[in-house]
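What the coordinates show
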Amino acid sequence: MIVGIINGYYRSGTTFMQRLCSKSNPNFIVLSEPTQHEIIDHIMADGCHKDNLLHGWEIFKDYCKLPRKVKHEFIRRHFEVFDYDKSQWGIMTSEGAVRYLLQPLHDCEQQIVIKSTQLHLFLEKLKDWYGCWVLHLDRSVENIVADHFSYYSLVNSTQAKDILLSKDKPISFYADLVFENLTKYLRLDKNIARNNLDKLVFNILATRKIVERQKGITVLNFDEFVRNPKQHLNRLPFKVNESLLRLINPSKKNPVPDWLIDMIKDSVNYISKYIR
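Structure report, in brief.

1. Observations concerning the nonpolar core
- The biggest cluster of nonpolar side chains holds 70 residues, and the ones touching the most others in it are Ile5, Tyr63, Leu102, Leu105, Leu126, Val145 and Phe202.
- At nine residues, the largest contribution of residues to this core is made by helix H10 (residues 196–212).

2. With respect to the packing of helix H3 (residues 68–84) against helix H4 (residues 95–107)
- Across the interface, H3 lies against H4 with an axial gap of 8 Å and an inter-helix angle of 165°. Classified by the angle their axes make, H3 and H4 are roughly antiparallel. As H3 runs across H4, the sense of the crossing is left-handed. Along the contact surface, H3 presents Val70, Glu73, Phe74, Arg76, Arg77, His78, Glu80, Val81 and Phe82, while H4 presents Ala97, Tyr100, Leu101, Gln103, Pro104 and Leu105.
- By residue class, the composition of the contact of H3 with H4 is nine nonpolar, two polar and four charged.

3. What about the packing of H4 against helix H5 (residues 123–130)?
- Interaxial distance between H4 and H5 falls to 12 Å at its minimum, and their mutual angle equals 40°. Of the possible angle classes, the one that applies to H4 and H5 is oblique. Here H4 runs over H5; the crossing is right-handed. Of the residues in H5, those touching H4 at Glu95, Val98, Arg99, Leu102, Gln103 and His106 are Lys125, Leu126, Trp129 and Tyr130.
- Along the lines of polarity and charge, the residues of the contact of H4 with H5 split into five nonpolar, two polar and three charged.

Cut-offs applied
Residues numbered from 1 in each chain as written. Predicted model: local features only at pLDDT ≥ 70, side-chain atom pairs only at ≥ 80, totals over all residues. Heavy atoms only, no water. Core = buried A, V, L, I, M, F, W, Y, C linked by side-chain atoms within 4.5 Å. Buried < 20%, exposed > 50% of the residue type's maximum accessible area, 1.4 Å probe, protein only. Helix = DSSP H or I, 4+ residues; strand = E, 2+ residues; numbered from the N terminus. Axes fitted to C-alpha atoms, helices over the stretch in contact; angles between N-to-C directions. Parallel < 35°, antiparallel > 145°, perpendicular 65-115°, else oblique. Left-handed = near helix turned anticlockwise from the far one by under 90°. Contact = heavy atoms within 4.5 Å. Nonpolar A, V, L, I, M, F, W, Y, C, P; charged D, E, K, R; others polar.

So this is what it looks like as structure tokens:
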């Protein structure tokens, strides 16, 4: 059964929190991104036990712990949901699709925690459906945007700036898909974005506002947690082995260059009028 949800926008610390939860609670099956449209393709190509290049550890290993029938039914539903409805890509916008996709996991006898970056619209409903706890991670807009890029592209080249000022160059972590499906869900014209940075800032601010309106959700600022984790441990809804806090490595956070701070300030001022 689903006992917990860890959610946050992309690059908000969800994968670290997944690792902390998994290592502290070996009785949990902690699944990484079961609501992401490409996840089954990744697992089928690389297997459960391959280290993820971005995060440096086996983020999909717990899929191998699922009972065979549960795993097969989940995979069948996953292909069914995402192959036929691209409006669920990047961020899930259909309540029915979410419930249908996750039901095999909730029917499982083992305790399951879901780590997701796509469930912002339904966190309160998930808590009510499954009687589970929900932890949502937030970060500053500046840090989320900066961590969409490599250090080199931010500091030693114009690559990140060129992508953010473009309207056509693809942005990492499905930002284009999130923007397209989120503006459609909110009935907004996608032409509100002047460039890719506006799309990314809209995604962050709109999902933050949506989460703020939901009740019974534990919201934790991941930047503050990293600075002083012990101060925030009592807010986490799962047991934590404090020795694992050594895994925190603040140096992995990208710097936020002055040029990016100025661009984000402009984008936030512009996009805020569309956030309701």
